[in-house]
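Listed below are the residues making up each chain.
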Amino acid sequence: MSPPDYGRYLRLEQLLGLQHPLYPADKDRAVETAERFFIVAHQTSELWLAQAAVDIDAAVDALAEADGSPNWDGPERALEHLGRVTGMVRILDETVRLLERLPIQHFAAFRGYLGTASGAQSQGFHALDDRLGTASDGATSPLYSAYLKALAARATDVEEVCERGAAGAGVEHRLAEAMLDVGYSFWRWKLTHLSLVDRTVGTLRGTAGTTGLSYLAARIRMPFPELRAIREDQHTAQQ
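The sections below set out a description of the structure shown in this document. (Residues numbered from 1 in each chain as written. Predicted model: local features only at pLDDT ≥ 70, side-chain atom pairs only at ≥ 80, totals over all residues. Heavy atoms only, no water.)

## Here's the deal with the packing of helix 3 (residues 29–64) against helix 5 (residues 104–111)
A pair of packed helices is characterised by two quantities: the angle between their axes and the separation of those axes. So the rule is basically this: In this description, a line fitted to the C-alpha atoms serves as the axis of each element, helices being fitted only across the stretch in contact, and the angle between N-to-C directions of two axes falls anywhere from 0 to 180 degrees. Here a helix means four or more residues in a row that DSSP labels H or I, a strand means two or more in a row labelled E, and each is numbered from the N terminus. Small angles under 35 degrees read as roughly parallel and large ones over 145 as roughly antiparallel, with 65 to 115 read as roughly perpendicular and the rest as oblique. Whether two residues touch is decided by their heavy atoms; if any such pair falls within 4.5 Å, the residues are in contact. Residue classes follow a fixed rule: Ala, Val, Leu, Ile, Met, Phe, Trp, Tyr, Cys and Pro count as nonpolar, while Asp, Glu, Lys and Arg count as charged, and any other residue, Gly among them, counts as polar.
Put simply, helix 3 and helix 5 touch, their axes get as near as 9 Å, and they point 85° apart. Between helix 3 and helix 5, the interaxial angle falls into the category roughly perpendicular. Of the residues in helix 5, those touching helix 3 at Ala30, Val31, Ala34, Glu35 and Phe38 are His106, Phe107, Ala109 and Phe110. Its residues assigned to classes, the contact of helix 3 with helix 5 comprises seven nonpolar, one polar and one charged.

In structure tokens, the structure reads:
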């Protein structure tokens with residue numbers, strides 16, 4: 001079999017054929033184009049969400065290999081994955097900001113064609129919530145749990161890592177900071193989305209029947225609260 005060219009490798013024919021606006025183009029081409037823009041923004045977001053889940057799982061797996069040996073490279077590999085996740089979440093945030101370029105009157109024109117379709121139904125979004133421990137069930141983040149187990153394998157804990165700081169704890173401290181980077185990026189993305197919804201639909205109910213703005217506001221939770229609390233204690237201890 002001959003090696004694939006660029007288009008076949010990325011399956012561009014299928015990928016670029018997945019955008020199907022429901023608003024009739026012959027009714028108003030500007031609205032139909034705006035809906036296509038809306039679809040592309042959400043499709044690309046789902047791709048990044050799926051990849052973020054893959055990288056978080058890979059970070060968890062890398063941390064789970066902890067054996068306490070000085071040559072263990074799991075933390076460095078986990079850092080690589082978490083750095084990518086932070087970048088992906090920032091892209092998600094920028095995508096929401098890009099949607100501010102969607103004229104409100106155009107969105108209002110095609111919104112009725114969405115039926116009950118809603119971002120609240122995004123499995124990728126809920127999967128990221130689960131991995132970061134911000135889901136409504138209150139379950140602990142598997143990433144944070146893996147971090148705690150990795151620290152235990154090296155006979156230390158989060159309190160000691162935060163107390164020793166970057167100079168004393170090295171990669172273990174960088175891992176804590178990397179998780180916080182992911183968490184703050186995730187939090188900012190949710191706030192940006194809340195602002196966009198407020199700007200475009202205000203207090204209207206969501207297309208899936210949610211309460212809309214209040215539903216989204218209630219789901220804005222900062223990941224890794226235990227880690228943040230321990231870091232805050234360090235500030236108190238220095239006073």
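## Structural notes on a nonpolar patch on the surface
Heads up, the rule is: Residues qualify for a patch when their relative accessible area is over 30% and they have no salt bridge, like charges being joined within 9 Å and the nonpolar side chains of Val, Leu, Ile, Met, Phe, Trp and Tyr within 5 Å. All accessible areas in this document rest on Shrake-Rupley with a 1.4 Å probe, and a residue is counted as covered only by the protein chains that are shown. Here, a salt bridge means any side-chain nitrogen of Lys or Arg that lies within 4 Å of a carboxyl oxygen of Asp or Glu.
Taken together, the side chains of Leu15, Leu16, Leu18 and Leu47 make up a nonpolar region of the molecular surface, amounting to roughly 400 Å² of accessible area. Tracing the backbone through its elements, the reader meets Leu18 in the loop between helix 2 (12–15) and helix 3.

## Things to note about the nonpolar core
Here is the rule we go by: Within this scheme, the nonpolar core is defined by two criteria: the residues are buried Ala, Val, Leu, Ile, Met, Phe, Trp, Tyr or Cys, and they are joined through side-chain atoms within 4.5 Å. Relative accessible area decides the class of each residue, using a 1.4 Å probe on protein chains only: under 20% of the type maximum gives buried, over 50% gives exposed, and in between gives partly exposed.
Counting residues in each nonpolar core, the largest one holds 57 residues, and the members touching the most others are Leu63, Phe110, Leu143, Tyr147, Trp189 and Leu227. Put simply, the parts of the chain that give this core at least two residues each are helix 3, helix 4 (74–98), helix 5, helix 6 (123–132), helix 7 (142–153), helix 8 (158–169), helix 9 (171–200) and helix 11 (225–238). At twelve residues, the largest contribution of residues to this core is made by helix 9. Those residues in contact with Tyr147 that sit more than four places away from it in its chain are Leu63, Val158, Val161, Glu172, Leu175, Ala176 and Met179.

## Things to note about empty space enclosed by the protein
With a probe scaled to a water molecule rolled over the atoms, the places where space remains empty come into view. Let me state the cut-off plainly: Note on definitions: the grid is 1 Å and covers protein atoms alone; a cavity is a set of points where a 1.4 Å probe fits but cannot get out; a pocket is an open set with protein on both sides within 12 Å along at least five of seven lines; lining residues have an atom within 4 Å of a point. Grid points are joined across faces, edges and corners, and a volume is the space filled by probe spheres set on the points.
All chains considered together, the criterion is met by one cavity of 30 Å³ or more. Together, Leu63, Trp72, Pro75, Tyr147, Ala150, Leu151, Arg154, Glu172 and Leu175 line the largest cavity. If you list the elements that add at least two residues to the lining of the largest cavity, you get helix 7 and helix 9. Among the elements that line the lining of the largest cavity, the one with the most residues is helix 7, at three residues. Considering only residue class, the lining of the largest cavity consists of seven nonpolar, no polar and two charged.

## Things to note about the environment of Ser118
What counts is decided by this rule: Polar contacts, as counted here, are pairs of nitrogen or oxygen atoms within 3.5 Å of one another; within protein the pair requires one atom able to donate a hydrogen and one able to accept it, and residues that are adjacent in sequence qualify only if both atoms are side-chain atoms.
Its location among the elements puts Ser118 in the loop between helix 5 and helix 6. Measuring from C-alpha to C-alpha, the distance between Ser118 and Thr210 comes to 9.2 Å, with 92 residues separating the pair along the chain. Within the local environment of Ser118, its side chain forms a polar contact with the backbone nitrogen of Ala120, the two atoms lying 3.0 Å apart.

## Description of helix 8
Using the following cut-off: To estimate the expected span of a helix, subtract one from its residue number and multiply by 1.5 Å. Each C-beta atom gives one direction from the helix axis, and the arc is the one those directions make.
With twelve residues, helix 8 extends only 10 Å from end C-alpha to end C-alpha; this falls clearly short of the ideal 16 Å at 1.5 Å per step. Inspection of helix 8 places Val158, Val161, Cys162, Gly165 and Ala169 among the buried residues, and these make up the whole buried set. Around the axis of helix 8, the buried residues are gathered within 160° of arc, so they sit on the same side. Away from its buried face, by an angle of more than 90 degrees, helix 8 presents the exposed residues Glu163 and Ala167. Between the side-chain oxygen of the N-cap and the backbone nitrogen of Glu159 there are 3.3 Å, and the N-cap of helix 8 in question is Asp157. Of the residues one or two after helix 8, Gly170 is the one with positive phi, at around 60°.

## Observations regarding the side chain of Asp93
Checked against the element boundaries, Asp93 lands in helix 4. A distance of 2.8 Å separates a polar atom in the side chain of Asp93 from a polar atom in the side chain of Arg97. Residues contacting Asp93, with those up to four places away along its chain left out, are Arg188, Trp189 and Thr192.

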